[in-house]
Amino acid sequence: MDPLEEVLRLVEVRAERASTLTGHGDWALRFPAPDGAKFNSVLDGSCVIDTDGLDHPITLRAGDSFLLTRPQEFILGTSPRSTVQPASPFFRATGGASAEVGPLDQPVTAHLVGGSFTFGRRARELLLDALPPVIHLPAHAEGAGMLPHLLTRIDKEARTGGLASNLITEHLAVVLLIDVVRHHLTQQPDTTGWLQGLRDPVVSAALHAMHADPARRWTVRMLADVALVSRSTLAARFKSVVGQGPLEYLTRWRLELGAHRLAATDQTIATIADAVGYGSEASFALAFKRELGAPPGSYRREARKQD
């Protein structure tokens, strides 16, 4: 089981309808904080993005993309010195599908396509908090060779609105999201977390084994055998790369699976406990409350209220 694929399924990632933005001359727009995550890609021209968490604005050129992972405002414009206007009125005027900004009698300085991602309730803990506030994917980055075709198709579907265009843009945008996350993993070798573990051959082997069979009574020795290293090597490597021990990670992942089942199914707590590797409902409930802050029954009721 691919851990990244499994987490993306668990957090129920969905892309909202894509929209286009065309800037003429000198312009700058302030965008509201997204509920989940936000992407934009430059098809033609160039612009800059600025938001909290950046040391300086990032210049985006044709073929470049960025992913905003935090619920915070951001600014897109021709330069950091441009006069900033709120973006929402420009998109409301066209029903949200497209917008034009700047003096329309001046040349186009940037043409972008963008969209938002929404997630299930545990996405921030499972995925988004493991990512930086902004990820920049340059057009020349390794693995970005197919992006021009992807972006051109998203742009076409967003502008023409053909049959099933919303569904097409949703799926293409999720492909873009995965490409951005993959790029991040190649650029951040010194950070820790389960995502970084996917880059380490020893840790990755253990992660894949745990995700493939989370209910198995794993020991560090068994995981080390899977990774073809000694017990001490796996324990030290896992702790260094992921930031916690392998069995700590396994406990948390089992409880995340349990939380998902509590929210998404009518299975009994005892059935869920057994499915995620706990010998009894009581031991599952104790661990669940300790890690997630509420008993399983209370968590289920609150999740149903939110739905």
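We now turn to the structure provided with this report. (Residues numbered from 1 in each chain as written. Predicted model: local features only at pLDDT ≥ 70, side-chain atom pairs only at ≥ 80, totals over all residues. Heavy atoms only, no water.)

Attention now moves to the environment of V42. With respect to the element layout, V42 can be found in strand β4 (residues 37-51). Each C-alpha atom of the pair V42 and D64 lies 5.6 Å from the other, and the pair is 22 residues apart in sequence. Excluding residues within four positions of it along the chain, V42 makes contact with C47, L60, R61, A62, G63, D64, H111 and L112. (Helix = DSSP H or I, 4+ residues; strand = E, 2+ residues; numbered from the N terminus. Contact = heavy atoms within 4.5 Å.)

Attention shifts here to the pairing of strand β10 (residues 108-118). Here strand β1 (residues 14-15) pairs with β10 via two bridges, running antiparallel. Paired with A15 across the strands is F117, a residue of β10. Summarising the sheet, strand β2 (residues 19-24) and β10 pair through six bridges and their orientation is antiparallel. Across the sheet, the residue bridging to T20 is V113, located in β10. As judged from the eight bridges shared by β4 and β10, these two strands associate in the antiparallel manner. Residue pairing across strands places F39 opposite G115, the latter belonging to β10. (Pairing = 2+ DSSP bridges.)

This next bit is on the pattern of salt bridges. On inspection of all chains with the given rule, the structure shows 14 salt bridges. Taking the shortest distance from any N to any O, the salt bridge between R9 and E5 comes out at 3.1 Å. In this pair, R9 and E5 are both assigned in helix α1 (residues 3-10), four residues apart and thus about one turn of the helix distant. The class for R9 is exposed, based on a relative accessible area of 60%. By relative accessible area, E5 is classed as partly exposed at 37%. In this structure, the salt-bridge partner of D179 is R182, at a minimum N-O distance of 3.9 Å. One end of the pair, D179, and the other, R182, are both in helix α5 (residues 165-187), three residues apart, so they sit about a helical turn from each other. Using a relative accessible area of 18% as the deciding quantity, one classes D179 as buried. (Salt bridge = Lys/Arg side-chain N within 4 Å of Asp/Glu carboxyl O. Buried < 20%, exposed > 50% of the residue type's maximum accessible area, 1.4 Å probe, protein only.)

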